[in-house]
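Here's the letter readout for the chains.
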Amino acid sequence: MLNAVDAELSRLARSAPSFAPVRMGRIVSCDGGLIEVSGLNAPIGTLCRAEAGGDEPAPAAEVVGFRSGRSLMMLLGDTVRLQPGALVRAEGHPGVVKVGEEFLGRAVDGQGLPIDGGPPVKARNSWLLGGRRESALERSSVIEPFDCGVRAINALATMGIGQRLGVIAGSGVGKSVLLDTMVRGADCDIAVVGLIGERAREVSDFVGRHMRGEARRRTVVVAVPSDHAANLRLRGAQLATSFAEYFRAQGKRVLLVLDSLTRVAHASREIALSLGEAGAARGYPPSALAAITKLIERAGNSASSGGSITGLYSVLADGDDQSDPVVDTARAILDGHIVLSREIAQRGHYPAIDIPASLSRVMSDVAAPDHLRHAATLRGLIAAHEANRDFLLMGVYQTGADPQLDRAMALQGPIQDFLRQEAGHTAALDASVDALTRLMGDGAK
């Protein structure tokens, strides 16, 4: 305890106080969450505080642009009781956030403020909110398998340490439950979970399940529910990625879960449209889709530190449309994707993974030859059965016409048992591969 006090006193002694005058501006207009401030020339990314009427706390705002000599700011809270001419002052360092081990076991919002009822987090390390752009050669290759705890993925779409994988699904198909299972079963040093734009109940349930016991010591949760400001939702995703980057720089194997990438794109779209940017692909301005690319590219393996960020990103396919701009953009840059099917979910089959439509682009680099051969065989059997499902239900198929389909029909029960997995139950990578080998071995007899 005394050592901690001495360290804090030494830090205060080294930090020279600033006696420079504090520059302030005034609000001249407010349009939704966008305010214009005159007299305060602050860099983009600066956090500011505006005076509110009465005893209300001063709402925070972030500088996002300039127009006609005025600073444009997006509020991180509500506009209630905000008045014309209210004073606005800048605070903190533009584009810099606090990170560190002090956040382990804590749940915070997009500003790093605790939402778990605990004391404020006093972290000493700083990190750029937007990340540090590094050379492409800094991202080392994915060569080691990653155990995600889901049998179907471990066996048929094997992940690698440092991979970026998307979970693509419509609403209510089970992507959040699948991500929850993967967090529980993942083999990693640190887990950083960003719950962006989700229901507040889901946030509370997730914290209750994962922030206890030994798992709590390795987990950080950044949660910004759907009713919060667009800029705060975007900051929440960037903050979660900054935490992951910091721990990767310490040589840790980090699992970064972002649920969901689509809500981040929605937040970026709201900000861009407020600034006057024209909508392009189905109403998404170019900057909104670029924000997804920037977030995903920050994950991966580090050649210098030896650490890694294995990214899991849920992607909501609006209206089950697989050609949605967010789905297309994410799928093009991710190292693989898991597609969840509503039709499979309606049969009561969970996780509702569409095996033929799902793939891991690094599986050939991390799996053994026999594993690859068995996985390819099983994927072919599943695809053959799904393609002829209607004919089989109508009874028009004649046994013997297609040997692959005959084998798929004979193994249909064991295959379905292999692909099913109860929520919360985990299956290790080695056990998943062994089960695949037994299944395909039995089918060869």
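This text goes with the structure placed above it.
Residues numbered from 1 in each chain as written. Predicted model: local features only at pLDDT ≥ 70, side-chain atom pairs only at ≥ 80, totals over all residues. Heavy atoms only, no water.

### What about the overall build of the chain?
Within the chain, the regular secondary structure consists of 16 helices and 20 strands. Projecting the C-alpha coordinates of the chain onto the three principal axes gives extents of approximately 85 × 55 × 40 Å. A burial count over the chain gives 49% of its 445 residues as buried. Long-range pairs, those at least 24 residues apart, make up 72% of the contacts in the chain with a sequence separation of at least 6. Surface summary for the chain: the accessible area is close to 20600 Å², and the carbon and sulfur share equals 52%. Averaging the locations of the 48 positively and 50 negatively charged side chains of the chain gives two centres separated by 4 Å. (Helix = DSSP H or I, 4+ residues; strand = E, 2+ residues; numbered from the N terminus. Buried < 20%, exposed > 50% of the residue type's maximum accessible area, 1.4 Å probe, protein only. Contact = heavy atoms within 4.5 Å. Areas by Shrake-Rupley, 256 points an atom, 1.4 Å probe, with all protein chains shown as cover. Lys, Arg positive; Asp, Glu negative; His and termini not counted. Charge placed at Lys NZ, Arg CZ, Asp CG, Glu CD.)

### As for the pattern of salt bridges
Overall, the coordinates contain 21 salt bridges when judged by the stated rule. For Arg253, the salt bridge is made with Asp187, and the minimal N-O distance between the two is 3.5 Å. Placement of Arg253 in strand β16 (residues 253–259) and of Asp187 in the loop between α3 (175–185) and β14 (190–196) is noted, with a sequence separation of 66 residues between them. Overall, the relative accessible area of 41% leaves Asp187 in the partly exposed class. Each member of the salt-bridge network shares a partner with another, and the members are Glu36, Arg67 and Arg70. (Salt bridge = Lys/Arg side-chain N within 4 Å of Asp/Glu carboxyl O.)

### Things to note about the environment of Arg361
Structurally, the position occupied by Arg361 is in the loop between β20 (359–360) and α11 (363–366). Judged by its relative accessible area of 44%, Arg361 falls in the partly exposed class. Dropping the residues within four chain positions of it, Arg361 is found in contact with Gln163, Arg331, Ala332, Leu334, Asp335 and Gly336. Polar side-chain contacts of Arg361 include one of 3.2 Å to the backbone oxygen of Arg331. (Polar contact = N/O pair within 3.5 Å; in protein donor to acceptor, adjacent residues only side chain to side chain.)

### Description of the packing of aromatic side chains
This structure, assessed with the given rule, holds 3 aromatic pairs. Their ring planes at 40° and their centres at 4.6 Å tell us that Phe103 and Phe243 sit as a pair that is tilted. Of the two residues, Phe103 sits in the loop between β7 (96–99) and β8 (107–108) while Phe243 sits in helix α6 (residues 230–249), which places them 140 residues apart along the sequence. Here Phe103 matches Phe243 in class, with each residue buried. One aromatic cluster in this structure is built from Trp127, Tyr246 and Phe247. We note Arg269 situated over the ring of Tyr284; from NZ or CZ to the ring centre the distance is 4.4 Å. (Phe/Tyr/Trp six-rings, centres within 6.5 Å; stacked < 30°, edge-to-face > 60°. Lys NZ or Arg CZ within 6 Å of the ring centre and 35° of its normal.)

### Here we look at the state of the cysteines
Scanning all chains against the criterion turns up 0 disulfides. There is no disulfide at Cys30, and the cysteine sulfur nearest it, in Cys48, is 15 Å away. Residue Cys30 is classed as partly exposed on the basis of its relative accessible area of 43%. Sulfur of Cys148: no disulfide; nearest cysteine sulfur belongs to Cys188 and is 12 Å away. (Disulfide = S-S within 2.5 Å.)

### Some thoughts on the packing of α6 against helix α7 (residues 261–274)
Interaxial distance between α6 and α7 falls to 8 Å at its minimum, and their mutual angle equals 135°. The angle between α6 and α7 places the two elements in the oblique class. The handedness of the crossing between α6 and α7 is left-handed. From α6, Ala230, Asn231, Arg233, Leu234 and Ala237 reach across to α7, where they touch Arg263, Val264, Ala267, Ser268, Glu270 and Ile271. (Axes fitted to C-alpha atoms, helices over the stretch in contact; angles between N-to-C directions. Parallel < 35°, antiparallel > 145°, perpendicular 65-115°, else oblique. Left-handed = near helix turned anticlockwise from the far one by under 90°.)

### Some remarks on the sheet that holds strand β4 (residues 60–67)
If you trace the 6 strands once around the closed barrel, you get β1-β2-β5-β4-β3-β6, paired in antiparallel fashion. Looking at each pair of strands side by side, their axes are set apart by 45° on average, direction ignored. (Pairing = 2+ DSSP bridges.)

### Structural notes on helix α4 (residues 200–210)
Buried within α4 are the following residues: Glu202, Val203, Phe206 and His210. Taken end-on, α4 shows its buried residues confined to a sector of 100°, consistent with a single buried face. For α4, the secondary structure elements touched by its buried residues are α3, β14, α5 (213–216) and β15 (219–224). (Arc of directions from axis to C-beta.)

### A look at the pairing of β16
Regular strands show a simple pattern: their side chains alternate between the two faces of the sheet. Burial within β16 is extensive, with 6 of its 7 residues counted as buried. As paired strands, β14 and β16 are joined by 6 bridges and run parallel to one another. Pairing of Val193 across the sheet is with Val257, part of β16. Bridge analysis of β16 against strand β18 (residues 308–316) gives 6 bridges, and the strand direction is parallel. Within β18, the residue paired with Leu258 across the bridge is Tyr313.

### Some details on the nonpolar core
Val192, Phe243, Leu261 and Tyr313 are the most contacted members of the largest nonpolar core, which totals 56 residues. Looking at which element gives the most residues to this core, the answer is α6, with 10 residues. In this view, Val192 contacts Val220, Ala240, Phe243, Ala244, Val254, Leu255, Leu256 and Val257; residues no more than four positions away in its chain are not counted. Counting 54 residues, the second-largest nonpolar core is a separate cluster that includes Ala107, Ala152, Cys188 and Met440. (Core = buried A, V, L, I, M, F, W, Y, C linked by side-chain atoms within 4.5 Å.)

### Focus on the environment of Ser126
Looking at the secondary structure, you find Ser126 in strand β9 (residues 125–128). Residues Ser126 and Val96, spaced 30 residues apart in sequence, show a C-alpha to C-alpha distance of 6.4 Å. Ser126 has contacts with Val96, Val97, Lys98 and Val99, leaving out every residue within four places of it along the chain. A distance of 3.3 Å separates the side chain of Ser126 from the side chain of Lys98, its partner in a polar contact.

### Brief notes about a nonpolar patch on the surface
A contiguous nonpolar patch, built from Phe391, Met394 and Val396 and spanning about 310 Å² of accessible area, is present on the exposed surface. You can see Val396 is positioned in the loop between α13 (389–394) and α14 (403–410). (Patch = residues over 30% accessible without salt bridge, like charges linked within 9 Å, V, L, I, M, F, W, Y side chains within 5 Å.)

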